[in-house]
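# Overview (structure and organization)
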Amino acid sequence: DDDLVDIGCGDGTLLRLAAKIGVRSAVGFLATDEEVACVSATGLNVRQAYSDQLPLPDSSASVVVCNSVLLIVPRDKVLPSLREMHRIARPVARIFVGEIPFTPGPPPEPQFDSSWKTLAYLYRKHGVRTFVGMARRMAYWKLAGKPMVIRDGTQVSFYATVEEFLALARDAGLIPVHHSRHEHVQTRYNYLFTKVA
């Protein structure tokens, strides 16, 4: 009976898993029209929106997921993004916000003069999933006749200590349930919140 909202749904993996287990509805949001075109071509319900302006009615989600997104959101948009999660969540919804760094991230990735050099670097440094994701985007841009816009998704714009992030979430109306250090990236925390009934 869940209605899932995945903010920054990536390649749609969570949406596919949700459909497989039979949720009532699942919608994902991505920042660019190009990303939406790639993922929605697989039959998933994906729309373009930013984390601080979600085109959904109040109290429409029983599960909200925002994983590895807020770290690339400008600091002044983080509290409005948390308020949006609160607004779209039903009372007692489960709200998962993952991979919030508590330190600044690594320096930006290097720039290359060709697509192949960029892809080779991404494969060596970040593995197959990143390589395939970027190759898909590059193919789409080429077929659509659009310019390639490659932004470094690993560059951290927002980071906060656990205490700072919990205070921001409380300011947005979210009630902390649990938080823990990320199991693979030791400089990040995952958070579970709810909304008062």
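If you're wondering where the values come from, they're calculated on a predicted model, not measured in any experiment.

### Quick look at the pattern of salt bridges
For side chains of opposite charge, pairing can occur when their charged atoms come near one another. Applying the stated criterion across every chain yields a total of 11 salt bridges. Of the charged contacts, one joins Arg90 and Asp3 as a salt bridge, the two residues approaching to 2.4 Å between their closest N and O atoms. One end of the pair, Arg90, is in strand β5 (residues 89–101); the other, Asp3, is in strand β1 (residues 3–7), and 87 residues separate them in sequence. Assessed through its relative accessible area of 7%, Asp3 is described here as buried. Its salt-bridge partner being Glu99, residue Arg188 comes within 2.7 Å of it at the nearest N-O pair. Pair noted here: Arg188 is in strand β7 (residues 188–194) and Glu99 is in strand β5, with a separation of 89 residues, a long-range link.

### A short note on the side chain of Lys195
Take Lys195: it is sitting in the segment after β7. Of the buried charged residues, Lys195 lacks a salt bridge, with Asp58 as the closest side chain of opposite charge at 7.3 Å. Within the structure, the side chain of Lys195 is placed 2.9 Å from the backbone oxygen of His86, a separation counted as a polar contact. Leave out the neighbours within four places in its chain, and Lys195 touches Ser59, His86, Arg87, Ala89, Arg90, Pro91, Val92, Ala93 and Ile95.

The rules behind these values
Along each chain, residue indices are assigned from 1 in the same order as the chain's sequence is written. Residues qualify for local features only when their pLDDT is at least 70, as the model is predicted, and side-chain atom pairs are given and counted only at 80 or more; totals for whole chains, interfaces and linings, by contrast, use all residues. To obtain the side-chain values, all non-hydrogen atoms of the structure were included, while hydrogens and water were left out. Salt bridges are counted wherever a side-chain nitrogen of Lys or Arg sits within 4 Å of a carboxyl oxygen of Asp or Glu. Only runs of H or I of at least four residues qualify as helices and only runs of E of at least two qualify as strands under DSSP, and these elements are numbered from the N terminus. Relative accessibility thresholds used throughout: buried, under 20% of the residue-type maximum; exposed, over 50%; partly exposed, between the two (1.4 Å probe, protein chains only). Only four residue types enter the tally: Lys and Arg on the positive side, Asp and Glu on the negative side; His and the chain ends are excluded. Nitrogen and oxygen atoms within 3.5 Å of one another constitute a polar contact, given that in protein one can donate a hydrogen and the other can accept it, and given that sequence-neighbouring residues count only through two side-chain atoms. We call two residues in contact when some of their heavy atoms are within 4.5 Å.

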